[in-house]
Every structure is written in C-alpha cells, then in structure tokens.
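Observations on the three-dimensional arrangement
Listed here are the chains, written in short residue letters.
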Number of protein chains: 2
Amino acid sequence: MASQTKYVYDFAEGNRDMKDLLGGKGANLAEMTNLGLPVPPGFTITSEACKAYLDSGETPSGLAGEIGEHLAALESAMGKRLGDADDPLLVSVRSGAKFSMPGMMETVLNVGLNDESVHGLARQAGAGAETAGGADPAAAERFAWDSYRRLIQMFGKTVCDVPGDEFEHALEGAKKAKGTANDLDLDANDLRALVDAYKTIFVRHTGRDFPQAPREQLDLAINAVFESWNAERAVLYRRQERIPADLGTAVNVVAMVFGNLGPDSGTGVAFTRDPASGHQGIYGDYLANAQGEDVVAGIRNTVPLQDLERLDKTSYDELLGIMARLEEHYKDLCDIEFTIERGKLWMLQTRVGKRTAAAAFVIATQLVDEGLIDLDEALNRVTGVQLAQLMFPRFGEGAEVELLTKGMNASPGAAVGRAVFDSYTAVKWSRSGEKVILVRRETNPDDLDGMIAAQGILTSRGGKTSHAAVVARGMGKTCVCGAEELDVDTKGRKFTGPGGVVVEEGDVISIDGSSGAVYRGEVPVVPSPVVEYFEGQLDPAAEDADELVKAVHRIMSHGDEARRMAVRANADTPEDAERARRFGAQGIGLCRTEHMFLGERRQYVERLILADSDDEREKALAALLPLQREDFVGIFAAMDGLPTTVRLLDPPLHEFLPDITELSVRVAVAEARGEAHENELRLLQAVHRLHEQNPMLGLRGVRLGIVVPGLFAMQVRAIIEAAAERRKAGGDPRVEIMIPLVDAVQELELVREEAERIAHEVCEREGVEVPYLIGTMIELPRAALTAGQIAEAAQFFSFGTNDLTQTTWGFSRDDVEAAFFSAYLERGIFGVSPFETLDRDGVGRLVRIASEEGRATRPDLKLGICGEHGGDPDSVHFFHEVGLDYVSCSPFRVPVARLEAGRAAVQTAGSDSR
Amino acid sequence: MASQTKYVYDFAEGNRDMKDLLGGKGANLAEMTNLGLPVPPGFTITSEACKAYLDSGETPSGLAGEIGEHLAALESAMGKRLGDADDPLLVSVRSGAKFSMPGMMETVLNVGLNDESVHGLARQAGAGAETAGGADPAAAERFAWDSYRRLIQMFGKTVCDVPGDEFEHALEGAKKAKGTANDLDLDANDLRALVDAYKTIFVRHTGRDFPQAPREQLDLAINAVFESWNAERAVLYRRQERIPADLGTAVNVVAMVFGNLGPDSGTGVAFTRDPASGHQGIYGDYLANAQGEDVVAGIRNTVPLQDLERLDKTSYDELLGIMARLEEHYKDLCDIEFTIERGKLWMLQTRVGKRTAAAAFVIATQLVDEGLIDLDEALNRVTGVQLAQLMFPRFGEGAEVELLTKGMNASPGAAVGRAVFDSYTAVKWSRSGEKVILVRRETNPDDLDGMIAAQGILTSRGGKTSHAAVVARGMGKTCVCGAEELDVDTKGRKFTGPGGVVVEEGDVISIDGSSGAVYRGEVPVVPSPVVEYFEGQLDPAAEDADELVKAVHRIMSHGDEARRMAVRANADTPEDAERARRFGAQGIGLCRTEHMFLGERRQYVERLILADSDDEREKALAALLPLQREDFVGIFAAMDGLPTTVRLLDPPLHEFLPDITELSVRVAVAEARGEAHENELRLLQAVHRLHEQNPMLGLRGVRLGIVVPGLFAMQVRAIIEAAAERRKAGGDPRVEIMIPLVDAVQELELVREEAERIAHEVCEREGVEVPYLIGTMIELPRAALTAGQIAEAAQFFSFGTNDLTQTTWGFSRDDVEAAFFSAYLERGIFGVSPFETLDRDGVGRLVRIASEEGRATRPDLKLGICGEHGGDPDSVHFFHEVGLDYVSCSPFRVPVARLEAGRAAVQTAGSDSR
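Residues numbered from 1 in each chain as written. Chains lettered and ligands numbered in written order. Predicted model: local features only at pLDDT ≥ 70, side-chain atom pairs only at ≥ 80, totals over all residues. Heavy atoms only, no water.

1. Here's the deal with the overall build of chain A
- Along its length, chain A carries 35 helices and 33 strands.
- For chain A, the C-alpha atoms occupy an extent of roughly 105 × 65 × 65 Å along the three principal directions.
- Residues counted as buried form 56% of the 914 residues belonging to chain A.
- For chain A, the share of sequence-separated contacts (at least 6 apart) that also reach a separation of at least 24 residues comes to 68%. (Helix = DSSP H or I, 4+ residues; strand = E, 2+ residues; numbered from the N terminus. Buried < 20%, exposed > 50% of the residue type's maximum accessible area, 1.4 Å probe, protein only. Contact = heavy atoms within 4.5 Å.)

2. Section: the domain arrangement of chain A
- Under the domain assignment, chain A is made up of domain 1 (72-255), domain 2 (266-355), domain 3 (392-526), domain 4 (563-652 + 692-913) and domain 5 (656-691).
- Relative placement of domain 1 of chain A and domain 3 of chain A: their C-alpha centres are 45 Å apart. (Domains from an automatic or database assignment.)

3. Thoughts on the packing of helix H5 (residues 137-160) of chain B against helix H7 (residues 188-206) of chain B
All names here are of chain B.
- Running from amino to carboxyl end, H5 crosses H7 at an angle of 15°, the nearest separation of the two axes being 8 Å. Between H5 and H7, the angle is such that the two are roughly parallel. When you trace H5 past H7, the crossing you get is left-handed. Here Glu 141, Arg 142, Trp 145, Asp 146, Tyr 148, Arg 149, Ile 152, Gln 153, Phe 155, Gly 156 and Cys 160 of H5 lie close against H7, whose contacting residues are Ala 188, Leu 191, Arg 192, Leu 194, Val 195, Tyr 198, Lys 199, Phe 202 and Thr 206.
- Partitioning the contact of H5 with H7 into residue classes produces eleven nonpolar, three polar and six charged. (Axes fitted to C-alpha atoms, helices over the stretch in contact; angles between N-to-C directions. Parallel < 35°, antiparallel > 145°, perpendicular 65-115°, else oblique. Left-handed = near helix turned anticlockwise from the far one by under 90°. Nonpolar A, V, L, I, M, F, W, Y, C, P; charged D, E, K, R; others polar.)

4. Details of the pattern of salt bridges
- Under the defined criterion, the tally for this structure stands at 126 salt bridges over all chains.
- As a salt-bridge pair, Arg703(A) and Asp743(A) come within 3.3 Å of each other at their nearest N and O atoms. One end of the pair, Arg703(A), is in helix H26 (residues 702-707); the other, Asp743(A), is in the loop between strand S29 (734-739) and helix H28 (745-766), with 40 residues separating them in the sequence. Across the pair, exposure class does not vary: Arg703(A) and Asp743(A) are buried alike.
- Residues Lys51(B) and Glu48(B) are paired through a salt bridge, measuring 3.4 Å at the closest nitrogen-oxygen approach. Taken together, the positions of Lys51(B) and Glu48(B), both in helix H2 (residues 47-56) and three residues apart, correspond to about one turn of that helix. (Salt bridge = Lys/Arg side-chain N within 4 Å of Asp/Glu carboxyl O.)

5. Brief notes about the sheet that holds strand S24 (residues 517-520) of chain A
All names here are of chain A.
- Overall, mixed pairing links the eight strands, which are arranged S14-S24-S23-S16-S17-S18-S19-S15 in an open sheet. On the outer flanks of this sheet lie strand S14 (402-406) and strand S15 (408-411), each paired with one strand and no other. Averaged over all pairs of adjacent strands, the angle between strand axes in this sheet comes to 30°, irrespective of strand direction.
- On top of the sheet, helix H16 (residues 423-431) reaches strand S16 (414-420) and strand S17 (436-440); it is set at about 110° to S16, its chief contact. (Pairing = 2+ DSSP bridges.)

6. With respect to helix H1 (residues 19-34) of chain B
Residues and elements named next belong to chain B.
- Look at H1: only 15 Å from first C-alpha to last across 16 residues, short of the 22 Å you get at 1.5 Å a residue.
- The largest bend along H1 reaches roughly 80° and is located at Lys 25.
- All of the buried residues along H1 are Leu 22, Gly 23, Gly 24, Lys 25, Gly 26, Ala 27, Asn 28, Leu 29, Ala 30, Glu 31 and Met 32.
- For H1, the elements touching its buried residues are strand S1 (8-10), strand S2 (42-45), strand S5 (91-97), strand S7 (249-255), helix H12 (313-330) and strand S12 (344-352).
- Gly 36 sits one or two positions beyond H1 and adopts a positive phi of about 80°. (Expected span 1.5 Å × (residues − 1). Bend = angle between axes of the 7 residues up to and from the residue.)

7. Here we look at the relation of the copies chain B and chain A
- Between the two copies, chain B and chain A, the superposition gives an RMSD of 0.1 Å; the rotation angle is 180° and the shift along the axis is 0.0 Å. Accordingly, the operation relating the two chain copies is best matched by a two-fold axis.
- An overlap of 100% is found between the interface residues of chain B and their copies at the interface of chain A, pointing to a shared contact surface. (Least-squares fit on C-alpha atoms with pLDDT ≥ 70 in both.)

8. A few points about unusual backbone geometry
- Unlike most non-glycine residues, Asp161(A) shows phi in positive territory, near 60°.
- One non-glycine residue, Leu741(B), lies in the positive phi region at around 65°.
- Of note, Leu741(B) is situated in the loop between strand S29 (734-739) and helix H28 (745-766).
- Overall, the relative accessible area of 0% leaves Leu741(B) in the buried class.

In structure tokens, the structure reads:
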C-alpha cells in the first residue's frame, strides 16, 4: 500500500510552526501541550483533510480510522468514553484555519450528549460537586439538561442549517411560561421539556431525528466545519483579504471542560502585559461559574483578573506562572483564554495578542530591554501602517464635547468643521473659507466635488468598502462611515443622533477617522508627537522624552542601519524639499516641473500654445527660462549633496488652458447676448485644437518634448544653468534629468542627444563641470516590456507606478475610483485598490521584468520608484525584493517608507539565513 | 595565433545565400561567377569588416593584407596592375548591404587612375580600338581624361565630402568657354584642363593633393563606403524600415569594363520576362557606346533590347542564353545589368526583379506551370499587400480626362469628388450629399473633420509620412500627397497645375492613391475583378476567365489548404456576416453589440441611464431584450454552422448621450435667452454624472456589466434565446459569449456565473440544448499578464489588439494619430504605426505571454485575435508563430488574412524542415 497521508495530529504531535496544516488555534494548542501546560487533551484534523474532503465531496479514505484511533487515545487519557451513558466524555469541535476568518463555522460544544449520556453527565456533575464539597444534585441535573439543550441548538443551527430563531422562540416560550426573563430561572424540568421541543424543531427541518450516536455527532460536526470553508461570507472575506481559496481549515476536537459547574469554576481572558502601554502587569477579566460564551453574551459583569487571587489563589498563581512562561516562550505579548473547572486550571487558547500602534513600538523596545528579542526582531514587530497611524493628528482631551456616536473608522485622521448635507453647499462654503464636514446617508459619484471640498466625510450607511470610504482613503481624507445610529435628513438639512440630539446644517462637529468617533462641537486637534519628533521639535534623548518617541526613535534608527534601499521624497518646492530632508529623505526622487508653469507663469504657457510662429514660441520659452532656473536653484540648494531627479514637463498642454465646456458656454452666451468675445473665440480655437478625448493617453510627456520644438531644451538649459550656478557658489548639486512617458528607446535617444548637447554648451560657457544623469520614467507597459532596449539610453529608471497601474489595468484613477471601486471591493474583485498597494501579479510583474532586463543591459542601472506606492508598506517590501535602489514618496510618508525598507531588509536577511 | 576572421571573399568563394556577409549585390555577383557567367573579376569585403571598422574606428587587423592578396589575384587574372602607368587595371568600389538603402555611398568608378596611368589608359584604349578595327587615338585620349575627371569628381564628392556643385561649376565653366552645352564637345585638352581645375578644388577643400597612389585611393574609397553606413539618411531609413543598425555593409571591388569605348561597346538593362504581365519574352533597353550612368542621365534615347540582335548578334545570343540560365537558376523573374566592351559581354548585376501586384500572381502560377516552382513556393511569391492592392477599385480607361500631375501614392484607392479647400466646407458639402476631395497644401489636426468627410485627400507638400498620409492610411482613405507641381491657394479656393490649369472649388477631380495620379474631371471607377471573384460574380474555372482571377484563385485555394489558422470576420449585422462568408470567413470573431443600442433604440438606453429606480431600469432593459434577440437570430442564421463570437456591451454609457459641451452650450444659451430648458437640464445632469475625463479608461466593458444590474444578463438572455429559437428551427448556431475589458479573473467569474445561470434557465424553459462557450477579450496588459489565472474561467481568449496597443503604449488612437504620429514616423521612432502592424516587442510580447500561460492552465483554450491587426499581413505571420487558432478581421480583409495565414504556414513548414 502506498504511504497514507497523515490527517490527524494529537496535540502532542504539533507545534506553533505548523499553522499551515493545523491552523492557528491547533498549532498553539499543540505548542502549549508540549510546554507541559494544562491543555485539555485533544487532537487536530488537518487542513489537508479538509481540502481532500472538499475536492472529492466525501471523507478521504483513512480519515475515519485515524479519528477513531485518536479518539480512543483521548478516551483512554480521560478515562471516559465519548457519550458513555454513565460517565460520558464530551468534546468541542472548533474550526481553526491558518488565518482567522469570519463566516466560518466556529464551534459545537458538548458533542457526545444524548438521551442516555445526559443522565450520566448529571450524575458525574453531582458526584464531582460532592467531591468538591458542595453537592447540589438539582444544580447538576440542571447543568446536564442545559448542556444537552445547547448541543441540539448549536448542532442544529451550524451543522444542519436549522433556522436559529426557531430555537430562540422555543426558549422565549419556555421563559414566558415560567414567567421569567432569565435563562437561569429555568430548572432541570423546564430544560428537559425544552430539549423535547428542540428535537421536534430538528425533525421538522431535517426530516430526521437528532442523532443519538456520539460518533455520528462528531463526524457530522467535523464535515460541517469543512464545508463552512466555502460559506458565502468566508469566500467573500477571502477574496477581499486575498487569502488563497484552497487553504482549507483544520478542525480541533477537544475534551470539554466546564467553567459553569459551580462557584469553584469559572472562565477568563488575559493579556501577558498591557496591550495599550506594553507595561508588564496583570491584565484580564474573570467570570466565576460561567462558560466563555457567557462572557461574550455579557449577562453578568466580569471582575478584574486580580480578584481571582482572592477567589482561588492556587489557580491564580498557576495562571501567572503560565503567563510568564508563555511570554518568555513566544517572546511577545500573548492573549489567552482559560477555564477553571472545580479548581483545576485549563488553558483553552493562546495567541500573540493584538495591540495599539503606540503599544506596538513601546512593547517592542521593552522586549529588547528585557533581553527577550533583539532589535531586528523589534523592527519586525512594528509596521508602517502603525507608524502612519501615529503620524495623524489626533483629538486632544479635556475639551467639553459630546460623543454623539461611533461609526466605522474608514479613513484615519481628525477633522473638524460645520456639518453640510450636500456637495453644492460643501463647495460653496469651503470656497468662502469655512471648514466643512460633508454628512450624507451614503455618497455616490455626484458627491465627489463636495468630498474634495470637505475636511472629512461622515455617512450613516455603508462599510469600509463603501463609496465614501474608498474615495476618502484614496484622497487621504478623514472619513467615518456607517454611523448607523445617525438619522441623516438631507432635505431637512440635519441629522439626529441617539437620544434625539439634532445637528443642524452649520453646526460644528468633529470626526475621528482613526477611532470612528463622532463628536458634537469642536474638539481641539493636537499634533502627533511622532511628527514633532521627525520635525526635530522633540529630542528623543531628552530625560523627559515621551516613551513612544523614544521607542520610535530607537526602532527607526535601527531600520535605517538595516535597510538596503534609500528613501527619497517627491517634492516640487524648496520648502517641501527641506521638510522631506528633516523626515529623513536622501534625495528627491520626483521633482515635477508642471506646477512651475502655473500661476502668473500661465500667461507664457498660453503664449507658447497660441504661438503662430517660431519666433513667438521662442519668446515665450525665453520668458520661462529664467523663472525655471530660479526654481531649480532653490531646490538644488535645499537638496545640496543629495540627488535630485527633475522630471521634464509631463501633462498635456491643454491643462494650462481653460476647460473646453466652460469656455464654449462663455462664448455661446456672449454671442447670444451680442457681447464682444473675440479673444475668447481665439482661445477657444486653441482649446479645440488641443482638446483630447483621453488626455491621459494623449500628447504629453516625451511626446510633447518631441513635438513642441524648444520646450524640453528650455527645461534642460534651466536645470543645467541652475546647477552651474550652484557649483560656482560652492554647492554640490546632484542632477538627474528624467524623461517622462517614454515608450521606445528611440524617443529617449532623441531627447537625450539634445539634452547632452545643451548641457555641454552650458558647461563650456560657464566654465564649470556639472555632473548629471539622464534617465526615464518607466510608466507605460511597453517601456517595461522593452526595458532591455531602453536601458541602452537610460542611466536610471524610475517606475511611475501610478501611470503604470492606470495603463496596465486600463483605468484612470480619476474616472473609476469613484465610479466602481467600491463595487469592486464589495464583490471581492480587489482586496485593496491597486492605486494604494501595488498589484504584484500585473503591475509588479512589469516592474520585475523591467528591473531584470534593464540591469541585464546595464548592470549599474539605478532603479527607483516614484509613484505613490513608494510610501505603501506592502509595496515597499515588493520593491526591496525586486532589488530597487530607492523608493520615493511624499515627504509625509518618508518615515513609513524608511521603516518598511528596514523591515524588508531584516526579513529578507532572516529568510536567507533560514 | 588565434584564427583570423576572413574579411574578403573572391567572387568565386561566395554564393547567393551569403547576403548577410556579402550583401545582396556581392552575393549575386558570386552566384553568377560560379554559374560560369562572364562577370568581371573582383572580390567582396564583408559586412563583418565594416562592423569591425565602425566599432573600433580603424581598419581591422588583417583586412589590409587580405585586400592585398585578393587584389594581387585580381591583377594576375586580368594581367594588369592597379594603376599601372602603362596598362592600368581600374576598379569600381561599390557598397552593397543586405538591404538596399538610400543615403549610403553608392559607387566610385575608375579607381586606379592618376597622372601617369591616365596616359597608359589612353594608350591601351587606342590599342584596343585598333585591334577592334576602329582606331581613333583622339577618342582614346579623350576617353582617358574623361575617366580621370570622373574619378576626381566622384572620389572628391563621396569619399572626401567636397561639395559636388563646385565640380559642376567648373564643368559648366569649361563648356561655356568652349561655347557648348554638351560634355561630348569637350576634347582631350579641355578635359585635361578640367582635371587640373578639379585638383585645385580638391586641394582647397581637403587640404591635400588628390591621392596619386592607387592603393591609397582604393583604401580611402573602401573606408568611405564603410562610413556611409552611418550617414544621416541611411540611419533614418533604417529606423523607419526597422533594419537593424548593426548589420553593416559589404564593399564590392570589381575590375572596370567600359561600354563607352566605341560603337562596338554599350550597356543595357533587361528583365527575363515581362514584369507587368509575366509573359516570357525579351524585355529590356540598350544604349550603344555608353556607360550605365549615361542611361540614367537620359542624355540619349535607349533602343529596345531586340535591336541588339542587329548590332551584335553574338553578344545578343549570349545574353539570351544567360537570361534563360538565370531564370532557370533563380526560378524567378530576374533583372540584370550588362555592359559590352568591344564586343565582349559582361554581367554587372542581377537580382530577382520587381513586378506589379497582378504580375506577381500571374508569374507565380506560370512558373508553376513551367515546372520551375511548386505551389508552396508560388504562395511564397505573392503577398497580402499585393492582394490588397488588387482589391481596391481602380480608375477605368477610356474616359476623356486630363492627367494633371502625379504626386505620391500615399494611401491606395480611387476617389472622385468636388475639390474643397477647407475642413468646414468639406463637412458642409458632404452633409448635403456631395462627394468631396479635400485639397490642402498640407494637413494638420484641425483638418481631421474634413478628412473624415472627404472621399480622398490631396496635398501639395509632404511625403508618405506626412500628417495627411499617416492619417489617411489610418482611416483607409484614398490620399495623394506631395503633388509638388500644384500651387494650392486656400484663400482663393483654387489650385493651379502645370501649364497654368486652374481647378476652382467645386470642380470635380479624381485621385488615384495607388499610382499618385491626379486627374481633372470624373474618371469612372471600375470594381476590382479580384473582388468580383471573391463575391462569386466571376467564375475562375470559366473558359474566358481573366488570367489574374485564375491565378488568384489557384494560389488562394492552395493557401487555404496549407494554413493552420482559421480566418473569421468582424461583423455586426447579417449583411456583413453574409458578405464575410462569401469572402471565405469561417465564423465571426467579433460581433459588437453596441451598434444595436443606437438609432431608435437609443431612447431605451437613455431611459436605462436616467432610471431613478430598479423598476425603471428593468423596464428599459425589458424593452431592449426582444430587439437584441432579433439581432442575434439574424446573425446566427447568416453564420449557421460556424462559430459566432458575440461581445457584450463595451463602450461607456455616456457615448449614448449627447456631447457634454454641446449640451452645456444649448442649456446656457436657452437660459440666457430665457427659454424653457428643463428636460435638457435633466439630461445635462446625467451627462455630468457619467462624464469621464478619459472614457477609454473608464466605466466600460465588464465594469459596466458588474455595476449596472441586469445589463449583461439581458444581453446573455437575448443571445441564448436567439440560439434556442434557431435550434428549434433546425439551425446550428455556435455561440461564443465574449466578456470585454477583463482585468482580473474575479470579474470574469462573477459575470460567468450569472451567464451560466441564465443560459441554464432559458434552455430549461425552452426545452432545448444550446451549446455555448464563455470567454474573454484579452485587451488590457493586466489581463495578458495574469492570463494563467484568467484561463481558469475562460474557454477562449480573443486578443483585442487595438485596445491592447492603446494601453500598452499608453496612447489612444483617436488622440495621437493625428497629433504626433507623422512626427514620430519622420523622426524614425516607428517604422509603421503600431495600430497598423502589431508591435512585436511590446504588444506582441504580451500576446505571447498570454497565449503560453493561458494554454498552460487550459490546454484546449481557444485563442484568436479580433483587433484590426487580424487583417495585417505582417501581424498575421506573428499570430501564426504564436500559435493562435484564428484571426478575425473586417470582411474585406478576410482574403488577405487567408493568404497570409497560408503563407505563414508554408514558411514555417519550410523553416522547420531546414
């Protein structure tokens, strides 16, 4: 016989590294078992078994036998048999995938109970109580029937799809008959009757009796867990989170322990240290005489974990010992679930605990100080997402404001403004200088202008993938969505909150996009101390320095040492360049020159566009030259000694002219009124000439440079003259000239030849050497696909991943983000907008092709990226993997990119040495 | 020592397959030499030597020695020494690359002459004349000095860059002094003086004396040929023609023979059969007592080759024998150049001769009949470009029309219409039903509307890459450009032709885009007999069938047998489908459904777009359903038994609404005038809501299908219901449902699930099985890059190479073709528009990736292409190579695609068996 796949692992056979096979829960139960901690005995059925079951539609051969063997071992360990009439072993059946996943079947408790064993359970519970010195046969009887009732309810609902509310109705009916509102008032007889009622419900819906055979219960429950992997919500969640659809889930079968057997029993949760501050200590909650689900249901109030010391010193001391042991073992904050059954402590679950962003930094450095981890590992323990959260301004404390409600934290930040209820008002008020918050039931593409004008957006409907949420995140605008307690009355221009509080148009509200809180009135916004630190306003070495700032400083410094990639900033002005430098930028990766054509300079551009002759065009260019030169002198000074990549003009020329529709209307109305409009008519002709159906795909970038004589030449001259001026003044300008929108090496060759000629000419004339590089954006699929050719003419590539995403996917961010991204996120087509996190399969593949083939042609080709993905954590890791030399992002994202570049380096090193 | 590269080949060492190394001219000279034909002795310096010279900037080591050896052998064969004072050997130095290339140095004759050998040449010429019986010492003297004069002139100009007009001036001066206008009146003394004058010019420009050493002359001439490879015009030509820049040119050094030594000498050109009809016979021209350049200069009139029989029967017979030999050897029509030196025939060049499109087909079948080639080879001898030329309507003969002038044949076809001189008039007249020809000095993007409205375009300036030419070819519109004899007076609304002929606005003219001819008056247009044949109106088996039609039929039939790829048509109506079938289409590769939403149906689309509720939207869809169904019934009937690929709605919805600018103007003007405009205002709001900055990159294709509920469902229902109806009527509909604009497999999965549900429902209801496939367009780079995933959900891929070209290059055809393609073609950035011929490096690479990875996932994945490249000859070969199952193109291009698919198959088979 061929060797049989092993489908079932005893807890003693697994460990925490086996999450792929045993799921997160099973792997950690195994780990605790092997640490010698008191875990109820049990075993895990692997995700491989699940996959085999789902592929074939039947139980894989050998699985039933393996379960039987492990069950026998479990029975022998416990000294009981599953569902035994006299002394039944009961088990719980729980799903446990590699990633925790809403929508999957969670748990069936008390498997093994039937019409006979329910009596045995009652007897044993009574006997146990006697042993423990508190015999109460009635309570034991009640406990057993309540357990049976729960089994039928959970089993019926989750295994056999019986509608849950039928059971609820029956329970309500029983309580009503008894004249009580509390389950606890139902006695053993009531519950026995309820069991009968439940069985009737079960038969009606399934066409069969509630299964009495314990093993059948177990097998059906296991199969139900397998099948829940493909439940609709789970499928959707996986699509959204990009979890592979074929992982499958493991199933844990564990001997039941009961926290509800009396005052000497109980259940609790705990953290091994404070998840908010990271401080060591005792953090947790305990509920005596209860089961885990009672804690969640909130029927009774929990007590602080410290109180357990008074209630059960032995268990308390044991628990503290175990917590210390776990933390030392996992080298991190753990959270745990435990149960005490008649004075005996059982560990039901542990995992590395969640924490706030601030705590993550503080805990990581504390663990270093405690010698549990090193700085590399500390760097691993924090994320750029957490750092970014810490950089948003937050609401201060102490203001007398009213918390109205909480919605979903859809897009972080803190925003204050007057409530407005439509886009029109938002735009009008904001133009007159008012700060506004746009409040809508939900938003749609018509609200776009208002969203742009507002400080933040508040909606009463829709989740984190709603239109409002998606668009706000895309804009980097604060948003709270799905605040369902609010009744938004757009026509009445007001909303009503809980308790009838009314907010009228014009009233000031404050929304916290990081927590989802909505306040009435103005909450003072305080700057982030982390930003103050990056700005150099806080000294992390100071005696009284903030604990968080110290931790951030320490981890950032280590990341800077560790990382291979440089981090640059996208900056167009000396001010931005200076700020970027303070934030740690090591150069400018993208200096856009188009803003230099706006404002009062627009007149020259208009002249350039309207030029009827070479002479007029040259005059317009000559007027722009000194202005451009001045711009560059300032930027080179701010970035002295660091590389500055200047991109030649990119957008289509008509962007510098009025909108065609507005101008057409103006001309037509003037004509209708018999007013003079000759100048406007001339302008309109130019606008018509330059109008493009799809300007994103039109005459821009290098195409402009080739078609409009003298344009790029003027820019190159300004750049080199500025650098020459800086050199003469003793400066150290490091010039990189970047040609945008190149498709073919021939384009680059043409522009490069001209640029080199001009540079040579300027240097000769000025009598100074200006070292410079000439390179190109890789922002079109064809450029990436022919990068091997393009590298012949380029000294560097900078990936323009915004445009590359637009053309690779064939959608323009402006047009489609509002129009259909929310629908796409909701239907699970993307997990995240490809403009936010680089799409590795599509756009990323092009980046990889271009990097490899560019370097094959020119081994010293400098590779960078200057799209917005340069500041996105996940994308930064990808760029590290692909081997880029630097990422460039907005100044504010520079610290995030630094941190993630460091993490990427440490993680790669870690995986290399494995 | 390492083995030395061999740089020089004697003619006897080469053959016609060595074009890479020896160039076209050298390879054919070698071939003739080895056939034992009378070729003047000589040798070829390889293109490898050229490359080595250009790479290092100096003569590669060993080359000088090799030349010396071969020169010595040549001298020994001729019994003369190069430049010998008494009996000089003279040689010509000619370039000869693999591809003939304008801009490269052509020829230096008479190398070896100097102040001494000129006397020897005179003596030898005199002696030769005596031997031949016609001594004339003065003539011999004159011949020698004229030869020397020519050497200095050619050498100075082409080797040393001396301005050619200086020599011309000196020659003019000499003639003036002599009082004549004819070179032949200059005697030996005049020419000796002219040699002195030339030498002075040479010294003034080069700073050195004219080189007297024969070997130095030879070496300098060879290097000049090498360097001419990088002459500006040659570089530009290579860029445009996509000839690799690193091929280099070979150099041929050949012993001089003279056709101008007296009446027993002469020179001529000939074809081995009629290049127009293909008929066997004697076709050529002869000029006695002349050199090749005199024939070109047209100083004297040539005589028909037949006259040579009378002049020199021996040479004539020998020539006819050689021509028969060459044709038998090359198995094709050859053209040749020959010289007779004092009764001795010398072959100077041969190559496979050019011919008209019609002759190509006729000759190919004749060669088959003569047993020279087989049908595979005949298929190889014709091209889709030739077939396409034969399918254009042509001007008939016999009409009394006046040929005005000839311009460049920029875009083929025959167009007749009234001359108009601006775009506005073109549009206005054409709207009122007039056919117009737009006449401009040159066109620019402002003329676009007029070009669309006109039957054809005529310009007086610009070449085949001018704006007019490029845009017209893109539109498939007839164009003659660069008719420089015409004086176009746009303001005066007329043009003046040669001889002062004036054509006023409104006068009828006719232009022939295939020949470049411009006629005054209406030339009757006759349909192509080849099209009549494809339409089934001409029977190729008929006794009196046209020779051309017979040949086309025979070759097409063989191509159909040979080809692996199927050919389908893009057709949206039953009429188009029927025509396509007649043209040989084996199905529909693209049936666009968007036209089915126009005309009177537009009202339902407007209702759909303006719908305020689900109910309204559903009503609009329900109204469209029966109309769509009817469309499909007609198409399935026309394509009964053949596959029909129906593409679901692709364009953005706002294309069905009025233009935003026009509507805004209408609303604003109505408002200014105080007129009612409520309905228009409501429409304007919808237009605003749907307006996109870049509709090409917006909400269209599958995105619409996912965002607009019920839209795709209605279309799928209509398709399946139509197919069910056809099945019930005994038809055989073969349905392929195609989802456009897919980026990610998730999109396709969603649409596919819905479509399968509907198809199942319809089939159940109708009680009939409708087999169908569901597949997708691959028209976005991301789809190509993730094709391996997409193939999981697609049963076929159809490459939409128009959109794929747009997004891969990042330019939209509408916007940029007019704006910068002509500049790009002129600067050599493309050789051909990537919308015309598939860009293999960029777009083609994506097609290859998607084909390979799609098939890796699903080996039976059906692969096709439905972009316009499906009818482009070069692209068809690429699709064959990549392994597509079919190409689909416009009905009219179907024969071209069939032919090229056949050729591709034959060529691949040929190269496989090599």
